[in-house]
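Structural characterization, general
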Amino acid sequence: MTQAYDIVVVGAGMVGAALATGLGQNGFSVALIDRDSAGAFDPAQSPDLRVSAISAGNERYLRQLGA
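The text that follows walks through the structure, step by step, so that each part is easy to find. (Residues numbered from 1 in each chain as written. Predicted model: local features only at pLDDT ≥ 70, side-chain atom pairs only at ≥ 80, totals over all residues. Heavy atoms only, no water.)

A look at the overall build of the chain
A count of helical and extended segments in the chain gives 2 helices and 2 strands. The secondary structure elements of the chain, listed N-terminal to C-terminal, are β-α-β-α. For the chain, whose C-alpha radius of gyration is 15 Å, the value lies well above the compact-globule estimate of 11 Å for 67 residues. Taking the principal axes of the C-alpha coordinates as reference, the chain spans close to 40 × 35 × 15 Å. In the chain, the share of contacts with a sequence separation of at least 24, taken over all contacts with a separation of at least 6, comes to 36%. (Helix = DSSP H or I, 4+ residues; strand = E, 2+ residues; numbered from the N terminus. Rg over C-alpha atoms; globule rule 2.2 N^0.38 Å. Contact = heavy atoms within 4.5 Å.)

Notes on the pattern of salt bridges
Pairing between side chains becomes possible if they bear opposite charge and their charged atoms approach one another. This model, assessed by the stated rule, comprises 1 salt bridge. Between Glu 59 and Arg 63 there is a salt bridge, with its nearest N and O atoms 2.8 Å apart. Separated by 4 residues within a single helix, Glu 59 and Arg 63 lie in helix α2 (residues 56–65), roughly one turn from each other. Taking the relative accessible area as the measure of exposure, Arg 63 reaches 59% and is therefore exposed. (Salt bridge = Lys/Arg side-chain N within 4 Å of Asp/Glu carboxyl O. Buried < 20%, exposed > 50% of the residue type's maximum accessible area, 1.4 Å probe, protein only.)

Some thoughts on a nonpolar patch on the surface
There is a patch of nonpolar side chains on the surface, built from Tyr 5, Val 8, Val 10 and Ile 33 and spanning about 380 Å² of accessible area. Under the relative-accessibility criterion, Tyr 5 is labelled partly exposed at 38%. (Patch = residues over 30% accessible without salt bridge, like charges linked within 9 Å, V, L, I, M, F, W, Y side chains within 5 Å. Areas by Shrake-Rupley, 256 points an atom, 1.4 Å probe, with all protein chains shown as cover.)

Some thoughts on the packing of helix α1 (residues 14–25) against α2
Here α1 crosses α2 at 50 degrees, and the two axes come no closer than 10 Å. Judged by the inter-axis angle, α1 sits oblique to α2. Our pair here, α1 against α2, has a crossing hand that is left-handed. Along the contact surface, α1 presents Ala 18, Leu 19, Thr 21, Gly 22 and Gln 25, while α2 presents Tyr 61, Leu 62, Gln 64 and Leu 65. Of the residues in the contact of α1 with α2, the class split is 5 nonpolar, 4 polar and no charged. (Axes fitted to C-alpha atoms, helices over the stretch in contact; angles between N-to-C directions. Parallel < 35°, antiparallel > 145°, perpendicular 65-115°, else oblique. Left-handed = near helix turned anticlockwise from the far one by under 90°. Nonpolar A, V, L, I, M, F, W, Y, C, P; charged D, E, K, R; others polar.)

This is the structure we're talking about:
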């Protein structure tokens, strides 16, 4: 089976996911590819304590995306 996309984003981390979302909201056909699938949610699991810092411009962009 052949599929056609306008854009392929490789990497579904914070940046790749935001880029793919923005492109999709602007009418592009987007494929988002990552090496692993997201794990199942487990409410008993300890929270992930990683932290990311974003600039004010990044915050505005993420708000425009509805994140």
